[in-house]
Amino acid sequence: MKPILQHLVEMTGHRDHLRLEVSVLSTLQKLSGIKAVRALELFTDKGVAHVRPRTWVEEGQLVSTDSEAAADPRRELLEQYAELCECVKNQGDSALAHRPGRHTLWLPVWMHEKVSTCLEVTQSRPFSAHKLEVIKGVFLVYQNYQNLLDYSERDALTGLFNRKTFDEQFSRNAASGLSSSRPQGAEALVNEEVTTDSEPAQNWLAVVDIDHFKLVNDRFGHLYGDEVLILIANILRSSFRSHDRIFRFGGEEFVVLLRNITLARAHKVFNRFRETVQEYDFPQVGRVTVSLGFVGTSRGSPVEILGQADQALYYAKEHGRNQVCFYEDLVAAGHLATKVANDDVELF
């Protein structure tokens with residue numbers, strides 16, 4: 001029991017969902033008799049339920065991917081996992097499958113009455129009652145901690161990630177440009193996105209601001225203003241992929257991390273979002289528009305990258321609003337002067 005408690009202490013020391021996932025699988029893997037462990041991601045593509053491995057054992061180590069689920073060649077139809085499919089359909093807490101020499105336990109992670117993650121534990125012998133009790137005990141600690149992490153990372157009004165989460169995630173990843181190279185170690189994160197375009201793919205940071213939002217609050221009241229924020233958040237979710245990241249910075253400002261895509265496609269995606277907002281009929285308020293500034297994340301410190309996106313945003317707002325501006329285009333055209341940033345100090 002003592003080693004299990006030590007692993008639980010280590011597991012709950014993480015402040016990142018993916019690393020917490022790796023940690024709980026590592027804990028379960030060390031239990032006697034366990035043959036294999038995986039974390040599966042459940043998702044819907046074109047109305048069809050799928051499942052794909054998100055964390056698994058490779059060359060004796062646990063590795064993870066945060067690539068786009070729908071493009072993962074390892075994905076399978078959820079219906080191929082009959083017992084798990086029935087469990088999810090009935091909102092169950094576990095499912096068991098018995099095959100010759102292979103016995104599998106699935107533990108769906110329920111959050112907000114939805115399941116997007118499931119732990120899979122396999123061994124060659126049937127699970128004893130004691131083994132199931134131990135595994136489910138570890139799983140409940142993991143699930144409760146996942147819920148606590150999710151609550152602390154989210155904006156209360158929109159449900160998007162908050163500014164604190166952005167600071168933690170972007171500061172950790174921006175230095176490497178959210179690289180697709182594979183790190184070493186038990187908690188390696190694998191980004192397996194590919195592109196068929198001749199133009200290289202990279203990651204982009206965009207700052208989004210609702211145009212004339214103060215007028216919305218002043219004219220219709222904060223209740224309708226909050227509704228606009230919630231609806232904009234919903235449009236953001238539907239406009240970007242599951243592995244992109246969307247944050248609410250507070251007020252009417254949002255930030256998007258668009259991952260592993262070409263510049264031409266980034267322009268199209270951001271403009272499509274802008275047009276969707278422009279065409280949406282907001283209750284009572286009517287039409288609302290947004291301005292957006294974006295920049296690549298491959299060069300510069302986090303504060304410099306965010307500052308450049310902010311510059312592009314404010315240029316868009318000062319020159320007509322309801323438009324998308326790319327920082328490097330503005331610099332090349334002589335509309336913006338480059339700044340040299342050093343952490344918290346900007347040198348002009």
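You'll find the protein entered in an unreviewed UniProt entry as diguanylate cyclase, with Acidovorax soli given as the organism. Looking at the Catalytic activity (unreviewed entry) heading of the UniProt record, one finds this comment for the protein: "2 GTP = 3',3'-c-di-GMP + 2 diphosphate".

Trainee: Sorry if this is basic, but what is going on with the overall build of the protein here?
Mentor: A tally of regular secondary structure across the protein gives ten helices and 15 strands. Put simply, the protein has 348 residues, and 50% of those count as buried. Of the roughly 17500 Å² of accessible surface on the protein, a fraction of 51% belongs to carbon and sulfur atoms.

Trainee: For this particular structure, what's the right way to read unusual backbone geometry?
Mentor: Note: most residues except glycine have negative phi, and most peptide bonds are trans. Even without being glycine, Q91 reaches a positive phi, approximately 55°. By the secondary structure assignment, Q91 is in the loop between α3 (82–89) and β5 (95–99). Of note, the phi angle at Q284 is positive, near 70°, even though the residue is not glycine. Counting through the fold element by element, Q284 comes out in the loop between α8 (263–279) and β12 (290–296). Given the relative accessible area of 54%, Q284 is considered exposed.

Trainee: Can you walk me through the confidence of the model for the protein in this structure?
Mentor: Fine structural detail should not be taken from predicted coordinates in areas where pLDDT scores are low. Predicted confidence across the protein gives a mean pLDDT of 86, with 84% of residues reaching 70 or more. In the model, residues 175–196 has pLDDT below 50 throughout and makes 49 contacts with residues more than four positions away in sequence or in other chains. Counted against residues more than four places away or in other chains, residues 341–348, with its pLDDT under 50, gives twelve contacts.

Trainee: What am I meant to see in the pairing of strand β10 (residues 245–250) here?
Mentor: Bridge analysis of β10 against strand β11 (residues 253–261) gives five bridges, and the strand direction is antiparallel. By the bridge assignment for β11, I246 is matched with V256.

Trainee: I tried to follow helix α7 (residues 222–239) on my own but got confused; where do I start?
Mentor: One turn of an α-helix holds 3.6 residues; hence residues three or four places apart share an orientation. Over its 18 residues, α7 runs 25 Å from end to end, which matches the ideal 26 Å to within 8%, given 1.5 Å per residue. Taken together, the buried positions of α7 are occupied by G225, V228, L229, L231, I232, A233, I235, L236 and S239. The elements touched by buried residues of α7 are β9 (202–210), α6 (213–220), β10, β11, α8 and β12.

Trainee: When you look at the packing of aromatic side chains in this model, what are you seeing that I'm missing?
Mentor: The relation between two aromatic rings is expressed through the spacing of the ring centres and the mutual angle of the planes. A full pass over the atoms with the stated rule returns 13 aromatic pairs. Judged by centre distance (5.8 Å) and plane angle (75°), the rings of W204 and F326 are edge-to-face. Taken together, the residues W204 in strand β9 and F326 in strand β13 (residues 324–326) connect sequence positions 122 residues apart. Ring plane angle 50° and centroid distance 5.9 Å describe the contact between F240 and F273, whose orientation is recorded as tilted. Taken together, the residues F240 in the loop between α7 and β10 and F273 in helix α8 connect sequence positions 33 residues apart. The two residues F240 and F273 agree in class, both being buried. Each member of the aromatic cluster is reached from another via a ring pair, and the members are W204, F240, F270, F273, F294 and F326.

Criteria and cut-off values
- Per-chain numbering applies: the sequence of each chain, read as written, is numbered from 1 onward.
- Given that this is a predicted model, residues contribute local features only at a pLDDT of at least 70 and side-chain atom pairs are listed and counted only at 80 or more, while totals for whole chains, interfaces and linings are drawn from all residues.
- Only hydrogens and water are removed before side-chain values are computed, so all heavy atoms of the structure are retained for them.
- UniProt positions are given in the numbering used here, feature names are shortened, and annotations may be inferred rather than shown by experiment.
- Under the scheme used here, helices are H or I runs from DSSP no shorter than 4 residues and strands are E runs no shorter than 2 residues, and both carry numbers assigned from the N terminus.
- When a residue's accessible area, from a 1.4 Å probe over protein chains only, is under 20% of the maximum for its type it is buried; when over 50% it is exposed; and in between it is partly exposed.
- Note that accessible areas follow from Shrake-Rupley with a 1.4 Å probe, and for residues the cover is restricted to the protein chains shown.
- The predictor attaches a confidence to each residue, called pLDDT, with possible values from 0 through 100.
- Two residues qualify as a contact provided that any one of their heavy atoms is within 4.5 Å of a heavy atom in the partner residue.
- Strand pairing is assigned whenever DSSP detects at least two bridges linking the two strands.
- The span you would expect from a helix comes to 1.5 Å times its residue count less one.
- We call Phe, Tyr and Trp rings a pair once their centres come within 6.5 Å, taking the six-membered ring for Trp, and we label the pair stacked below 30 degrees between planes, edge-to-face above 60, and tilted otherwise.

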